[in-house]
Amino acid sequence: MFQCIESLELSKTELYGRFQIGPVKSGQGLTIGNALRRVLLGEIESLSIISVKIKGIKHEFEIFPGLKESIIELLFCLRTVVLKGSLETRVERGFLHVKGPAIITAKDLSLPPGIKVADPDQYIATLLFETEFSMTFCIGKGTSSTNLTPLEGKDNFLPNLQDTGLVSTNDFGAHEFYLDPFFSPLKKVNYVIEDHIETNQETPLNKSFSLGSEIGQVQNSTVIEFIHLEVWTNGSIEPKKAFEKAIQKLLFTFQTFFTSSVSRSPSQLKPYQNLTEIPIEELNLSVRSYNCLKKANIQTLAELVRYSKQDLLEIQNFGKKSAEEVVQKLYEIFDIHLETNTLKT
């Protein structure tokens, strides 16, 4: 149904992929292409530095002796560092310690296991003379729709991440500078629809009206479409992998609207149709399972069904028995099969 036509590494922070999807029926190309583009730009997760704490600096307008850049310029450079990998917890810390004079690049960052920079030579700052520069930073995960805002009425910058389930405010210390991170790994997505006319020739059953081989055949033509999708990423994910994730997300988004046929009586199932209106309290889970889901900011069934059984095991303190309990409750009460759902990656 689809194939990768071209894959290029334009730079360490720019990967390009071109895909052909089809054939599809006439009129479906626009629907599929637009849906894929929306998901690619808005729902693919990536890592980013979300806050920074610099030794000896209390506010962003302060001057660090020996640092060529201002603190604001330094924070902007850190915000653009492209990270790839995965987090074992909701948020993890890294640190940087450099003795000048030196040029600080992304390879100088000490990152948690499983995380690395896409471009080790990406410039961060310059120390002009002998001085020591130390800082710690937090790394979080999200999508382009993840909204992180500083807490109001505080002297220091503490990201308000409780609504996203990424971190709690206890993960941040005093004088922590919030970077307003942008999580989307996609730089640009474009698609073009190409029409093809498919012609079939059929011979009539009644050949008595055939005056010749050409006249005796009926020409039947059908218009089909091919979608040519172009994807540019920032180097943290390959275009093909991002494309496959987008397909998975679309498939299981529509799957939530599908009710499979079961042998149980409909009266045994909860009479809900909109999953966003169903709180997880309706599952009557054990205290441990319930608290783990709440800490992961999973409030409704619409949020829960975006996880597969394997994804649930990656939630902090969420064991195998808890995952099996959730799967069983979803099936028994709402007839939702979570085992086949692989949306969260």
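Residues numbered from 1 in each chain as written. Predicted model: local features only at pLDDT ≥ 70, side-chain atom pairs only at ≥ 80, totals over all residues. Heavy atoms only, no water.

**Some remarks on the overall build of the chain**
Thought 1: Within the chain, the secondary structure is distributed over 7 helices and 14 strands.
Thought 2: For the chain, long-range pairs separated by at least 24 residues make up 73% of all intrachain contacts whose partners lie at least 6 apart in sequence.
Thought 3: Here the chain has roughly 19,400 Å² of accessible surface; of this, 51% comes from carbon and sulfur atoms. (Helix = DSSP H or I, 4+ residues; strand = E, 2+ residues; numbered from the N terminus. Contact = heavy atoms within 4.5 Å. Areas by Shrake-Rupley, 256 points an atom, 1.4 Å probe, with all protein chains shown as cover.)

**Quick look at the packing of aromatic side chains**
How two aromatic rings sit relative to each other is given by the distance of their centres and the angle of their planes.
Thought 1: Considering all chains together, one arrives at 4 aromatic pairs under this definition.
Thought 2: Judged by centre distance (4.6 Å) and plane angle (10°), the ring pair of Phe-19 and Phe-243 falls under stacked. Of the two residues, Phe-19 sits in strand S2 (residues 14-25) while Phe-243 sits in helix H3 (residues 239-255), which places them 224 residues apart along the sequence.
Thought 3: Three or more aromatic residues joined by ring pairs make a cluster, and in this case those are Phe-2, Phe-19 and Phe-243.
Thought 4: Directly above the ring of Trp-232 sits Lys-188, whose terminal nitrogen or CZ lies 4.3 Å from the centroid. (Phe/Tyr/Trp six-rings, centres within 6.5 Å; stacked < 30°, edge-to-face > 60°. Lys NZ or Arg CZ within 6 Å of the ring centre and 35° of its normal.)

**Looking at the side chain of Thr-105**
Thought 1: Among the secondary structure elements, Thr-105 is positioned in strand S6 (residues 102-105).
Thought 2: Under the relative-accessibility criterion, Thr-105 is labelled buried at 8%.
Thought 3: Once you skip the residues sitting within four places of it in the chain, Thr-105 turns out to touch Pro-120, Asp-121, Gln-122, Tyr-123 and Ile-124. (Buried < 20%, exposed > 50% of the residue type's maximum accessible area, 1.4 Å probe, protein only.)

**Observations regarding the pairing of S2**
Thought 1: Sheet topology note: the strand S1 (residues 2-11)/S2 ladder contains 8 bridges and is antiparallel. Bridge pairing in S2 links Gln-3 to Gln-20.
Thought 2: Hairpin connection between S1 and S2: a loop of 2 residues separates the two successive antiparallel strands. (Pairing = 2+ DSSP bridges.)

**A closer look at the nonpolar core**
Thought 1: In terms of nonpolar packing, the biggest core is built from 30 residues, with Val-52, Ile-54, Phe-133 and Met-135 touching the most fellow members.
Thought 2: Secondary structure elements with two or more residues in this core: strand S3 (46-54), helix H2 (71-79), strand S5 (92-99), strand S7 (115-117), strand S8 (123-127) and strand S9 (132-142).
Thought 3: Not counting residues up to four positions away in its chain, the partners in contact with Ile-54 are Ile-71, Leu-74, Phe-133, Ser-134, Met-135 and Phe-177.
Thought 4: Among the nonpolar cores identified, the runner-up in size contains 25 residues, and Leu-275, Ile-278, Tyr-307 and Val-326 belong to it. (Core = buried A, V, L, I, M, F, W, Y, C linked by side-chain atoms within 4.5 Å.)

**Points about the side chain of Glu-230**
Thought 1: By secondary structure assignment, the location of Glu-230 is in strand S14 (residues 218-233).
Thought 2: This buried residue, Glu-230, is left without a salt bridge; Arg-18 holds the nearest opposite charge, at 5.1 Å.
Thought 3: Engagement of the side chain of Glu-230 in a polar contact is seen with the side chain of Tyr-16, the distance being 2.6 Å. (Lys, Arg positive; Asp, Glu negative; His and termini not counted. Salt bridge = Lys/Arg side-chain N within 4 Å of Asp/Glu carboxyl O. Polar contact = N/O pair within 3.5 Å; in protein donor to acceptor, adjacent residues only side chain to side chain.)

**Structural notes on helix H4 (residues 287-295)**
Thought 1: Of all the residues in H4, the buried ones are Ser-289, Cys-292 and Leu-293. Along the axis of H4, the buried residues cluster in a sector spanning 95°; they form a single face. Facing away from the buried side of H4, by more than 90 degrees, are the exposed residues Val-287 and Lys-295.
Thought 2: Each element contacted by the buried residues of H4 is listed here: helix H5 (301-304), helix H6 (309-313) and helix H7 (320-334).
Thought 3: Of the residues trailing H4, Asn-297 is marked for its positive phi of about 65°. (Arc of directions from axis to C-beta.)

**What about unusual backbone geometry?**
The phi torsion of most residues other than glycine is negative, and most of the peptide bonds are trans.
Thought 1: Following Gly-22, the chain continues into Pro-23 via a peptide bond in cis, with omega recorded as 10°.
Thought 2: Summarising the element assignment, Pro-23 is placed in strand S2.
Thought 3: Residue Pro-101 is bonded to the preceding Gly-100 through a cis peptide linkage, with omega at -5°.
Thought 4: At Asn-284, a position not held by glycine, the phi torsion is positive, near 55°.
Thought 5: For Asn-284, the position within the fold is in the loop between H3 and H4.
Thought 6: We classify Asn-284 as exposed; its relative accessible area is 57%.
Thought 7: In this model, Asn-317 sits at a positive phi of 65°, which is unusual for a non-glycine residue.
Thought 8: Relative to the helices and strands, Asn-317 is located in the loop between H6 and H7.

**Re the environment of Ile-193**
Thought 1: Tracing the chain through its elements places Ile-193 in strand S13 (residues 186-202).
Thought 2: We classify Ile-193 as partly exposed; its relative accessible area is 30%.
Thought 3: Each C-alpha atom, one on Ile-193 and one on Leu-30, is 7.2 Å from the other, the two residues being 163 residues apart in sequence.

**Quick look at helix H1 (residues 28-42)**
Thought 1: Along its 15 residues, H1 runs 21 Å from first to last C-alpha, staying within 8% of the 21 Å computed at 1.5 Å per residue.
Thought 2: Inspection of H1 places Gly-29, Gly-33, Leu-36, Val-39, Leu-40 and Gly-42 among the buried residues, and these make up the whole buried set. (Expected span 1.5 Å × (residues − 1).)

**Comments concerning the environment of Gly-56**
Thought 1: When you line up the elements, Gly-56 lands in the loop between S3 and H2.
Thought 2: Residues Gly-56 and Ser-134 lie 78 residues apart in sequence; the distance between their C-alpha atoms is 8.7 Å.

**Here's the deal with the pattern of salt bridges**
Thought 1: As enumerated under the stated definition, the model contains 7 salt bridges in all.
Thought 2: Across the salt bridge formed by Lys-141 and Glu-45, the nearest N and O atoms sit 3.9 Å from each other. Remark: Glu-45 occurs in the loop between H1 and S3 and Lys-141 occurs in strand S9; sequence separation between them is 96 residues.
Thought 3: Lys-294 is paired through a salt bridge with Glu-281; the nearest N and O atoms lie 3.3 Å apart. Taken together, the positions of Lys-294 in helix H4 and Glu-281 in the loop between H3 and H4 put the pair 13 residues apart, joining distant regions of the chain.
Thought 4: For Glu-281, a relative accessible area of 34% gives the class partly exposed.

These results come straight from atomic positions and should not be treated as a statement about function.
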